[in-house]
Amino acid sequence: MHKFNIIIIALFFSPGLFAATGERTDPESVIVGKGLYQEYCQACHQKDGVGEKPIPSFIARPGYLTAMPLNETSHAWHHTDEQIIHTILYGLQSTKRMPAWKGVISEQQASHILAYIKSFWSDRILGCQGPKHMSCM
């Protein structure tokens with residue numbers, strides 16, 4: 001029985017359970033990701049990943065960046081799954097507005113958030129995700 005539990009745990013945490021760059025994730029991950037997105041991401045990236053409205057440069061503080069859209073209207077889909085998960089966990093050096101969530105959420109939770117973000121993308125955009133974006137559009 002102990003051996004069986006170890007196998008189940010290993011399978012549960014296996015990266016193979018998460019979709020690869022350019023692929024959809026299972027619906028359960030999207031559902032879990034939606035709740036996590038609402039808790040940790042939606043305040044800035046807004047409902048359905050539409051991002052914040054740009055602020056005129058003459059009133060924005062130096063280093064202030066608005067939260068980019070995560071839907072198809074911006075370039076989030078130009079990045080691989082690994083790059084997006086890294087950004088979720090480690091934040092962005094260019095702005096304090098995108099904090100590092102490592103220590104608050106796990107890599108698995110970041111993968112669920114990514115599954116939800118990818119649900120915003122059409123099959124065409126998803127098929128062009130990552131390095132393919134330069135050659136398939």
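Remember, it's a predicted structure, so these values are computed and weren't measured experimentally. Residue numbers restart at each chain and count upward from 1, following the sequence in its written direction. Residue-level local features of this predicted model are given only where pLDDT is at least 70; pairs of side-chain atoms are given and counted only at 80 or more, and the full residue set underlies all totals for whole chains, interfaces and linings. To get the side-chain values, all heavy atoms of the structure are used, and hydrogens and water are removed first.

S.K.: Can you lay out the pattern of salt bridges for me, pointing to particular residues and giving the numbers?
M.R.: The salt bridge criterion pairs a side-chain nitrogen of Lys or Arg with a carboxyl oxygen of Asp or Glu, the two atoms within 4 Å. According to the stated counting rule, one finds three salt bridges in the structure shown. Among the ionic pairs, Arg97 bridges to Glu52, the shortest N-O distance being 2.8 Å. With a gap of 45 residues between them, Arg97 in the loop between helix H4 (81–90) and helix H5 (107–118) and Glu52 in the loop between helix H3 (42–45) and H4 connect regions that are remote in the sequence. Between Asp81 and Lys118 there is a salt bridge, with its nearest N and O atoms 3.0 Å apart. Here the residue Asp81 occupies a position in helix H4, and Lys118 occupies one in helix H5, the gap between them amounting to 37 residues. Neither Asp81 nor Lys118 differs from the other in exposure class; each is buried. Only DSSP runs of H or I reaching four residues or more are called helices, and only runs of E reaching two or more are called strands; each is numbered from the N terminus. Buried means the residue's accessible area, taken with a 1.4 Å probe over protein chains only, is under 20% of the maximum for its type, while exposed means over 50%, and partly exposed covers the values in between.

S.K.: I'd like to hear about the layout of surface pockets, residue by residue, with values.
M.R.: Lining residues are those with an atom within 4 Å of a point, where the points come from a 1 Å grid over the protein atoms alone and group into cavities, where a 1.4 Å probe fits but cannot get out, or pockets, open sets with protein on both sides within 12 Å along at least five of seven lines. Grid points are joined across faces, edges and corners, and a volume is the space filled by probe spheres set on the points. Here the largest pocket defines a volume of roughly 610 Å³. Lining of the largest pocket is provided by 24 residues; of these, His45, Met68, Thr87, Leu92 and Met98 occupy positions nearest its centre. Sort the elements by how many residues they give to the lining of the largest pocket and H4 lands first, with four residues.

S.K.: Tell me about the state of the cysteines, and name the residues and values.
M.R.: Criterion for a disulfide: a pair of cysteine sulfur atoms within 2.5 Å. Summed over all chains, the structure comprises one disulfide. Across the disulfide, Cys128 is cross-linked to Cys136 (sulfur-sulfur distance 1.9 Å). Residue class for Cys128 comes out buried when judged on its relative accessible area of 5%. Residue Cys41 stays outside any disulfide, its sulfur separated by 8.9 Å from that of Cys44, the closest cysteine.

S.K.: Got a sec to walk through H5? Specific residues and values, please.
M.R.: Any helix carries an expected span of 1.5 Å times its number of residues minus one. Taking 1.5 Å as the rise per residue, H5 with 12 residues should run 16 Å; its terminal C-alpha atoms sit 16 Å apart, in good agreement. The element H5 is extensively covered by neighbouring structure, given that 10 of its 12 residues are classed as buried. All of the buried residues along H5 are Gln108, Ala110, Ser111, His112, Ile113, Leu114, Ala115, Tyr116, Ile117 and Lys118.

S.K.: Break down a nonpolar patch on the surface for me, citing the residues and quoting the values.
M.R.: Nonpolar side chains (Val, Leu, Ile, Met, Phe, Trp, Tyr) are joined into patches within 5 Å and like charges within 9 Å, using only residues with over 30% relative accessible area and no salt bridge. Each accessible area is a Shrake-Rupley estimate made with a 1.4 Å probe; only the visible protein chains count as cover when residues are assessed. Taken together, Ile55, Phe58 and Ile59 make up a surface patch of nonpolar side chains, about 340 Å² in accessible area. Within the secondary structure, Ile55 is located in the loop between H3 and H4. We classify Ile55 as partly exposed; its relative accessible area is 33%.

S.K.: If you had to explain the side chain of His112 to someone new, which residues and values would you point to?
M.R.: With respect to the secondary-structure elements, His112 resides in helix H5. The exposure class assigned to His112 is buried, which follows from its relative accessible area of 11%. Separated by 3.4 Å, the side chains of His112 and Ser29 make a polar contact. For this analysis, a polar contact is any N or O atom pair within 3.5 Å, provided that within protein one partner can donate a hydrogen and the other can accept it, and provided that sequence-adjacent residues contribute only side-chain to side-chain pairs.

S.K.: Any chance you could break down the packing of helix H2 (residues 27–40) against H5 for me, citing the residues and the numbers?
M.R.: Each pair of packed helices can be summarised by the angle the axes make with each other and by the distance between the axes. Working convention: axes come from line fits to C-alpha atoms, limited for helices to the stretch in contact. Angles between N-to-C directions cover 0 to 180 degrees. For the pair H2 and H5, the least separation of the axes is 7 Å and the interaxial angle reads 100°. With respect to their mutual orientation, H2 and H5 come out roughly perpendicular. Contacts from Ser29, Val30, Val32, Gly33, Lys34, Leu36 and Tyr37 of H2 reach H5 at Gln109, His112, Ile113, Ala115, Tyr116 and Ile117. A per-class count over the contact of H2 with H5 returns eight nonpolar, four polar and one charged. Working rule for angles: under 35 degrees goes down as roughly parallel, over 145 as roughly antiparallel, 65 to 115 as roughly perpendicular, anything else as oblique. Working rule for contacts: check all heavy atoms of both residues, and any pair within 4.5 Å makes them a contact. As a working rule, the residues Ala, Val, Leu, Ile, Met, Phe, Trp, Tyr, Cys and Pro are called nonpolar, Asp, Glu, Lys and Arg charged, and the rest polar, with Gly in that last group.

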